[in-house]
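Analysis of the macromolecular model
One-letter residues, chain by chain:
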Amino acid sequence: MKTVTAITLHSTKLLDHIKEAIRYKHYSLRTEEVYVYWIRFFIRFHGLRHPQEMGAPEVEAFLSYLANERSVAASTHKQALSAILFLYKVVLQQDLPWLSEIGKPKVVRRLPVVLSASEVQSLFFHLSGEHLLIAKLLYGTGMRISEALDLRVKDIDFLHQTIIVREGKGGKDRALMLPESLVAPLQAQLARANAVWARDRADQQPGVAMPFAMERKYPRAGQTWAWHWVFPQATLSTDPRSQIVRRHHVYDRTFQRAFKLAKETAGIHKPATPHTLRHSFATHLLQSGYDIRTVQDLLGHADVSTTMIYTHVLKVGGGGVRSPLDRLPQ
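The present account deals with the structure reproduced in this document. (Residues numbered from 1 in each chain as written. Predicted model: local features only at pLDDT ≥ 70, side-chain atom pairs only at ≥ 80, totals over all residues. Heavy atoms only, no water.)

What follows covers the overall build of the protein. Of the regular secondary structure elements, the protein holds 15 helices and 5 strands. Counting across all 330 residues of the protein, residues that qualify as buried make up 41%. Relative to all contacts within the protein whose residues are 6 or more apart in sequence, the contacts with residues 24 or more apart total 59%. Surface accessibility of the protein: about 18700 Å² in total, with carbon and sulfur atoms responsible for 54%. (Helix = DSSP H or I, 4+ residues; strand = E, 2+ residues; numbered from the N terminus. Buried < 20%, exposed > 50% of the residue type's maximum accessible area, 1.4 Å probe, protein only. Contact = heavy atoms within 4.5 Å. Areas by Shrake-Rupley, 256 points an atom, 1.4 Å probe, with all protein chains shown as cover.)

The following block contains the structure:
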């Protein structure tokens, strides 16, 4: 079995080394972008010095700058540290004593933002087309936005009313319910996606991107209908890793902009994002009487303690303790 030290880095540039190492470990493109950003920031902060010439003082100075001068959140601070540790341990293969001595900031777990049922309906009213369908999928199944956009045609089973999430967070697959109210809209979406797929085949466009080594093992699979995106992008774009011009799925930023506009138009003043629909899904299930383990499985949480955060939300407002103020004569 290969280990990290067995990684062969063919490129001569450091940032290319980093990308090769990330892809070797099958990290997502988003993780690659984030790690490259922080490592580039770290190098520029120290006047373009090579990381091999630096050590604990330089790393701590950079992290101190982020915390004190940039006032970044603890989660962002931890993200930057993870990128730097990846650089030294995996890319440069320097397992130095000071790496384990650098303390990780404590991430404060905050209560998630949750929309009420009426707010969800109001939000839906101000969305349309595939953006409305994506929003309903997030709220109706508890999927993350990346999981919804990554859906392939083969992942939707209308017969068993099931949606399969492939390679979710942590590389895990999970099965979700297909809401009855979304059967017809999803079938209509697939009809539109099929027209895009047929046009690409007629134009002899490259197939869609395939996970890991499947593109090499099954070179024609990316051209099949089964592997096509449920939500294909209207235009072709360059694959950031292979540099092949092909059909990608709808960009998350496109949906995020539509969500933000709908939220503002609906007059919802909570700091909600598309991920809020996932929080709302979990909270509303618990309010309906479903047990915590069921919700944990649907969300794909490895530890039930992560899911327990939604029980704290239920303790606020109508689902919690009655204030003594309300018992006083008015």
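In the Ramachandran plot, Gln161 falls in the positive-phi region, its phi being about 50° despite a non-glycine side chain. Turning to its location among the elements, Gln161 is positioned in the loop between strand S1 (156-157) and strand S2 (162-165). Using a relative accessible area of 32% as the deciding quantity, one classes Gln161 as partly exposed. Positive phi is not limited to glycine here, since Gln204 has a value of about 55°. Checked against the element boundaries, Gln204 lands in the loop between helix H9 (183-202) and helix H10 (214-217).

Judged by pairing direction, the sheet is antiparallel, and its 3 strands sit side by side in the order S1-S2-S3 without closing on themselves. A strand with exactly one partner marks an edge of an open sheet, and here the two such strands are S1 and strand S3 (174-177). (Pairing = 2+ DSSP bridges.)

Once that is clear, we can look at the packing of aromatic side chains. Inspection of every chain in the model, using the stated rule, returns 14 aromatic pairs. With 5.9 Å between their ring centres and 45° between their planes, Tyr27 and Phe86 make a pair best called tilted. Of the two residues, Tyr27 is situated in the loop between helix H1 (14-24) and helix H2 (29-45) and Phe86 in helix H4 (residues 74-91); the sequence distance between them amounts to 59 residues. The class of Phe86 is buried, set by a relative accessible area of 6%. Ring geometry for Phe41 versus Phe62: centroids 5.3 Å apart, planes at 75°, classification edge-to-face. One end of the pair, Phe41, is in helix H2; the other, Phe62, is in helix H3 (residues 56-68), with 21 residues separating them in the sequence. Phe41 sits in the buried class, given a relative accessible area of 17%. Classification of Phe62 by relative accessible area gives buried; the value is 0%. Among the aromatic residues, those joined into a ring-pair cluster are Tyr37, Trp38, Phe41, Phe42, Phe45, Phe62 and Tyr65. (Phe/Tyr/Trp six-rings, centres within 6.5 Å; stacked < 30°, edge-to-face > 60°.)

Once that is clear, we can look at the pairing of S2. Taken residue by residue, a regular strand's side chains alternate between the two faces of the sheet. Bridge analysis of S1 against S2 gives 2 bridges, and the strand direction is antiparallel. If you follow Asp157 over to S2, its bridge partner there is Thr162. Between the end of S1 and the start of S2, which pair antiparallel, lie 4 residues, with Gln161 showing a positive phi angle near 50°. Bridge count for S2 against S3 is 4 bridges, and the pairing is antiparallel. Counterpart to Val165 in the pairing with S3 is Arg174.

Let us look at H4. For H4, spanning 18 residues, the distance from its first C-alpha to its last is 25 Å, which sits close to the expected 26 Å at 1.5 Å a residue. For H4, the set of buried residues is His77, Ala80, Leu81, Ala83, Ile84, Leu85, Phe86, Leu87, Tyr88, Val90 and Val91. Phi turns positive one or two residues past the end of H4, at Gln93, with a value near 55°. (Expected span 1.5 Å × (residues − 1).)

Once that is clear, we can look at the nonpolar core. By size, the foremost hydrophobic cluster in this structure holds 45 residues, and its most contacted members are Leu123, Leu137, Leu138, Met143 and Leu186. No other element matches helix H7 (residues 129-141), which puts 6 residues into this core. Residues contacting Leu138, with those up to four places away along its chain left out, are Met143, Arg144, Ile145, Ala148, Phe255, Pro274, Leu277, Arg278 and Phe281. Counting 28 residues, the second-largest nonpolar core is a separate cluster that includes Ile18, Val34, Leu81 and Val91. (Core = buried A, V, L, I, M, F, W, Y, C linked by side-chain atoms within 4.5 Å.)

Contact pair H3 / H4: the axes reach a minimum separation of 10 Å and the direction vectors enclose 160°. The angle between H3 and H4 falls in the class roughly antiparallel. Regarding H3 and H4, the two cross each other, and that crossing is right-handed. Judged by residue contacts, Val59, Phe62, Leu63, Leu66 and Ala67 of H3 engage His77, Ala80, Leu81, Ile84 and Tyr88 from H4. Here the contact of H3 with H4 is composed, by residue class, of 9 nonpolar, 1 polar and no charged. (Axes fitted to C-alpha atoms, helices over the stretch in contact; angles between N-to-C directions. Parallel < 35°, antiparallel > 145°, perpendicular 65-115°, else oblique. Left-handed = near helix turned anticlockwise from the far one by under 90°. Nonpolar A, V, L, I, M, F, W, Y, C, P; charged D, E, K, R; others polar.)

In total, this model carries 11 salt bridges according to the counting rule given. Between Arg30 and Glu33 there is a salt bridge; the shortest N-O distance is 3.7 Å. Highlighted residues: Arg30 and Glu33, both in helix H2, separated by 3 residues, approximately one helical turn. Here Arg246 makes a salt bridge to Asp239, at a shortest N to O gap of 3.4 Å. Here Asp239 falls in the buried class, since its relative accessible area comes to 15%. Connected through salt bridges with shared partners, the residues Lys154, Asp155, Arg166 and Asp173 form a single ionic network. (Salt bridge = Lys/Arg side-chain N within 4 Å of Asp/Glu carboxyl O.)

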